[in-house]
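Fold and geometry: a report
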Amino acid sequence: MQAALTPDAAAAEDAASNGQHFRTIWISDIHLGTPGCQAEALLEFLRTTECDTLFLVGDIIDGWQLRRNWYWPQAHNDVVQKLLRKVRKGTRVIFVPGNHDEFARKYLGHSFGGVEVAHEWIHETADGRKLWITHGDLFDGVIQCAKWLAYVGDWAYELTLKLNSQLNRLRGRLGLPYWSLSKYLKLKVKRAVSYVSDFEVAVAREARKRGVQGVVCGHIHHAEMRMIDGVLYCNDGDWVESLSALVEHADGQLELLDWSGHARQLLTAVGPASSGLAPQPGAVAVGGLGGVGGMPGSAGLPVMRQMP
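Before going into details, it helps to say that this report is about the structure given with it. (Residues numbered from 1 in each chain as written. Predicted model: local features only at pLDDT ≥ 70, side-chain atom pairs only at ≥ 80, totals over all residues. Heavy atoms only, no water.)

**Some remarks on the environment of I60**
Counted only if it meets this: Only runs of H or I of at least four residues qualify as helices and only runs of E of at least two qualify as strands under DSSP, and these elements are numbered from the N terminus. By definition, residues are in contact when any of their heavy atoms lie within 4.5 Å.
Its place among the elements puts I60 in the loop between β2 (49-56) and α3 (63-68). Apart from residues no more than four positions distant in its own chain, I60 is found in contact with I27, S28, D29, I30, H31, L32, F95 and D101.

This is the structure:
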């Protein structure tokens, strides 16, 4: 681990925060410990937002890749330190482990630095709706039935992200906009599209069985918010491709926030070498094969989708 932020740096960070306040924030699939993690963009998001409760909905640390190859730059350590600072400043942080950080499932019910570890959670919104919080890997047939294939897929995904990074550096030199190879493959390969749809339906069906009004999950790196058979399905996306988060306002309204535009500005400021992967300038694709452009939300934060 790298050294923690110095007191002066921490004070400067607090002073730089705009403090846009939400009742609840959900983020997942950060994949700290991998070159594809957009840690700088996430740090900027965490500095710009505050909340009463922050849910870390799995795959925060990528134990799979860290076992293969240790990778932990300062920015990844800064993310951990920022989360712990939020706890110290009064934010309740609840960590629901995923398949990539399944090692944390040995510590359910424990608290580390004030971060609570839980298998799942039922969250009640300000307007009285109950949302089931789960990472979602338990509804992934590949993970459950052929874990070796999941490891192969993880390796292939990592390779795709590396190719994606090199491709977009070349496109940048040619004056061309960012283009996501991995997202293109997901949306064009019929089996991948079917996989996403099947996953969403399975998670929503389980939420309905549990008698809740909605579910919040991650796992598939596909930000989405829609009704499925009377259940509100929310996927908060990821911080590798989507750069998105789900937030709850004081009145219970839910929004998906798109941070990719901010990340592009950050990339211009720090240079591509420090972030590892060029972020996407457009809005995250939501709603199956379609997409919704970033609309100005509260305090200028770009909104992908709102639900009352």
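That shown, we press on.
**Some words on the environment of D52**
Rule in force here: The cut-offs for exposure are 20% and 50% of the maximum accessible area for each residue type, with area from a 1.4 Å probe on protein chains only; residues under the lower value are buried, those over the upper are exposed, and the others partly exposed. For this analysis, a polar contact is any N or O atom pair within 3.5 Å, provided that within protein one partner can donate a hydrogen and the other can accept it, and provided that sequence-adjacent residues contribute only side-chain to side-chain pairs.
Relative to the helices and strands, D52 resides in strand β2. Judged by relative accessible area, D52 falls into the partly exposed class, the value being 41%. Along the sequence, D52 and F22 sit 30 residues apart, while their C-alpha atoms lie 7.0 Å from each other. Filtering out sequence-adjacent residues up to four positions away, D52 remains in contact with H21, F22, R23, G90, T91 and R92. In terms of polar contacts, D52 uses its side chain to reach the side chain of H21, at 3.0 Å.

**Concerning unusual backbone geometry**
Despite not being glycine, D59 shows a phi value in the positive range, around 55 degrees. With respect to the element layout, D59 can be found in the loop between β2 and α3. A positive phi angle is found at L243, which is not glycine, with a value near 55 degrees. Inspection of the secondary structure assignment puts L243 in the loop between β10 (231-235) and β11 (244-248).

**Quick notes on the packing of aromatic side chains**
Keep this limit in mind: For Phe, Tyr and Trp, where Trp contributes only its six-membered ring, two rings pair if their centres lie within 6.5 Å, and the inter-plane angle classes them as stacked under 30 degrees, edge-to-face over 60, or tilted in between.
Counted by the stated rule, this structure contains 7 aromatic pairs. Consider the rings of W26 and F55, whose centres lie 5.8 Å apart with planes at 5 degrees: the pair is stacked. Of this pair, W26 sits in strand β1 (residues 20-27) while F55 is found in strand β2, placing the two residues 29 residues apart along the sequence. Look at F55 and you get buried, because its relative accessible area is 1%. For the pair W132 and F139, a centre-to-centre distance of 5.8 Å together with 85 degrees between the ring planes defines the contact as edge-to-face. With a relative accessible area of 24%, F139 lands in the partly exposed category. Each member of the aromatic cluster is reached from another via a ring pair, and the members are W26, F55 and W121.

**Concerning the state of the cysteines**
As a reminder of what qualifies: Working definition: a disulfide is two cysteine sulfur atoms within 2.5 Å of each other.
Under the counting rule described, the total for this entry stands at 0 disulfides. The structure places no disulfide on C234, whose sulfur is separated from the nearest cysteine sulfur, that of C217, by 8.4 Å. Relative accessible area serves as the criterion here: at 0%, C234 is assigned to the buried category.

**Re the packing of helix α2 (residues 39-48) against helix α4 (residues 74-88)**
In plain terms, the rule: Between the N-to-C directions of two axes lies an angle of 0 to 180 degrees, each axis being a line fitted to C-alpha atoms and, for a helix, fitted only over the stretch in contact. By the definition adopted for this analysis, an angle is roughly parallel if under 35 degrees, roughly antiparallel if over 145, roughly perpendicular if from 65 to 115, and oblique otherwise. Note on convention: near helix rotated counterclockwise from far helix by under a right angle means a left-handed crossing. Clockwise means right-handed. Amino acids are sorted into nonpolar (Ala, Val, Leu, Ile, Met, Phe, Trp, Tyr, Cys and Pro), charged (Asp, Glu, Lys and Arg) and polar (every other residue, Gly among them).
Two elements in contact, α2 and α4, have axes separated by 9 Å at closest approach and are oriented at 20 degrees. Overall, the two elements α2 and α4 adopt an arrangement that is roughly parallel. Where α2 crosses over α4, the handedness of that crossing is left-handed. Residue-level inspection shows A39, E40, L42, L43, L46 and R47 of α2 in contact with α4, the latter providing A75, H76, D78, V79, K82, L83 and K86. Partitioning the contact of α2 with α4 into residue classes produces 7 nonpolar, 1 polar and 5 charged.

**Here's the deal with the pattern of salt bridges**
Side chains carrying opposite charge are able to pair once their charged atoms draw close together. What counts is decided by this rule: Between Lys or Arg on one side and Asp or Glu on the other, a salt bridge is scored when a side-chain nitrogen of the former is within 4 Å of a carboxyl oxygen of the latter.
What the rule picks out here adds up to 10 salt bridges. The residue E50 makes a salt bridge to K86 at a minimum N-O spacing of 3.2 Å. Of this pair, E50 sits in strand β2 while K86 sits in helix α4, and the two are 36 residues apart along the sequence. Judged on exposure class, the residue E50 and its partner K86 are both buried. The partner of E206 in a salt bridge is R210, with the nearest N and O atoms 3.1 Å apart. Residues participating in the shared-partner salt-bridge network are E50, K86 and K89.

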